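Here is how the chains run, residue by residue.
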Amino acid sequence: MISRRTFIRGVLAGAGTLFLGKPGRLLAAEREYKRIVVLGDPHLPVRTLQHPDRKTQEDIVAAKNAVIEDINSWTDVDAVVAVGDIVAQRAITAEYAYIRKFFNRLQPPLWVVNGNHEFCYQDEPTETGHARRGDAAMRVRKLEQYQRFWQLPSRWYAKELGGYHLVFLSAEGEMNTSMLDEQIDWLRQDLESHRDETTLIFFHGPLKDTLLTYGKKINTPEFIAQPEKVLDEILRANPQVRLWVSGHTHTLATNYSYAAPGINAYLPNLTDIHNADMDRKKIWTNSLYLYPDRIEVRTFSHAKREWMPEFDRRYPK
């Protein structure tokens, strides 16, 4: 059994060292790029309310396990990022126990951000099995539980990789995808002090209007990064931010909005990379390839075990 400290080795905000020397893996010095695999909304082990059939649950769990196997088979992965909603539904002890077991098998370092399911809902569901919103005290307790489990010095943090500045933000507050003043102040200061470094931001919620409004919740306040106007001001003042990498909306690769440059662009220099959730039989993941002069984004179908070249994207550094 891998120790808990080994399990979270890549998550610590100040760790600084990536473990790239595993047998059979390409050392970073042997290639031109750094690679990050993004996991959208894992919902571990499975959302039983949405998938009540036992066989369906088993198939979904098997599909998620296959994703770990695929990632471990890739010899060039520098890190994996989970963009929130790692827990199935309510961030209870049993879900976290499964998460530890699930990610113990992952070989590359894992970096995380939290989603609304990490902190918004009470331990006990309603009589019909639906999640119940908690109060402010419960949100604080759940956020502390999340931070303690992942052993994070702070719920928001930054890392450096291949000449890029990576920022990891935390959803918190009354809304599903909001940030509070302390984190906003940190973000503003962090970006101001890294103006000369191309930056990628990872957050659970997407930026407004980077998807077509294909559902009644898409582009509504609970389904975009908040506070919307403050973030807009910060992002416009920091053109070094190239990608905003998000989850939350469960936007599938079969959806036209998933990878549509004219739609996903928030600013001329900034694009939202949307990631489909993993709580399904057919799972897709995005890989971010960080080159010295560009960023390439590719989508992999784990069900078909093949790349989807129609979703290949390239952005200048």
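Structural data are supplied above this passage.
All of the points below concern the structure found in this document. (Residues numbered from 1 in each chain as written. Predicted model: local features only at pLDDT ≥ 70, side-chain atom pairs only at ≥ 80, totals over all residues. Heavy atoms only, no water.)

**Digging into the environment of Thr 220**
Along the chain, the position of Thr 220 falls in the loop between β6 (199–202) and α6 (228–236). Assessed through its relative accessible area of 25%, Thr 220 is described here as partly exposed. Put simply, Thr 220 and Asp 209 are 11 residues apart on the chain and 9.3 Å apart in space, counted from C-alpha to C-alpha. (Helix = DSSP H or I, 4+ residues; strand = E, 2+ residues; numbered from the N terminus. Buried < 20%, exposed > 50% of the residue type's maximum accessible area, 1.4 Å probe, protein only.)

**Here we look at the pattern of salt bridges**
It is possible for side chains bearing opposite charge to pair when their charged atoms get close. Considering all chains together, one arrives at 19 salt bridges under this definition. The closest approach of N and O atoms between Asp 59 and Lys 55, which form a salt bridge, is 2.8 Å. Here the residue Asp 59 and the residue Lys 55 both occupy positions in helix α2 (residues 54–73), the gap between them amounting to 4 residues, near one helical turn. Given a relative accessible area of 49%, Lys 55 falls into the partly exposed group. Connected through salt bridges with shared partners, the residues Asp 293, Arg 294, Glu 296 and Arg 314 form a single ionic network. (Salt bridge = Lys/Arg side-chain N within 4 Å of Asp/Glu carboxyl O.)

**Overview of the sheet that holds strand β4 (residues 157–161)**
With mixed pairing, the 6 strands of this open sheet are ordered in space as β4-β5-β6-β7-β9-β8. The sheet is open, and its two borders are formed by β4 and β8 (265–267), each paired with just one other strand. Taking each pair of neighbouring strands and ignoring which way they run, the sheet shows an average axis angle of 25 degrees. Packed on one face of the sheet, helix α5 (residues 181–192) meets β4, β5 (164–168), β6 and β7 (241–246) and runs near 180 degrees to β5. Contacts from α6 reach β6, β7, β8 and β9 (270–274) within the one sheet, and its direction differs from that of β8 by about 75 degrees. (Pairing = 2+ DSSP bridges. Axes fitted to C-alpha atoms, helices over the stretch in contact; angles between N-to-C directions. Contact = heavy atoms within 4.5 Å.)

**Re the layout of surface pockets**
For the largest pocket, the calculated volume is near 470 Å³. Lining the largest pocket are 20 residues, and of these Arg 47, Asn 116, His 117, Lys 217 and Phe 223 sit closest to its centre. Taken together, the residues of the lining of the largest pocket break down into 5 nonpolar, 11 polar and 4 charged. (1 Å grid on protein atoms, 1.4 Å probe; cavity = no way out; pocket = protein on both sides within 12 Å on 5 of 7 lines; lining within 4 Å. Points joined across faces, edges and corners; volume = space filled by probe spheres on them. Nonpolar A, V, L, I, M, F, W, Y, C, P; charged D, E, K, R; others polar.)

**Here we look at the side chain of Thr 177**
With respect to the helices, strands and loops of the structure, Thr 177 is situated in the loop between β5 and α5. Looking at Thr 177, its side chain comes within polar contact range of the main-chain oxygen of Ile 224, at 2.4 Å. Among all residues touching Thr 177, those that are not within four sequence positions of it are Ala 171, Phe 203, His 204, Gly 205, Pro 221, Glu 222, Phe 223, Ile 224, Ala 225, Gln 226 and His 248. (Polar contact = N/O pair within 3.5 Å; in protein donor to acceptor, adjacent residues only side chain to side chain.)

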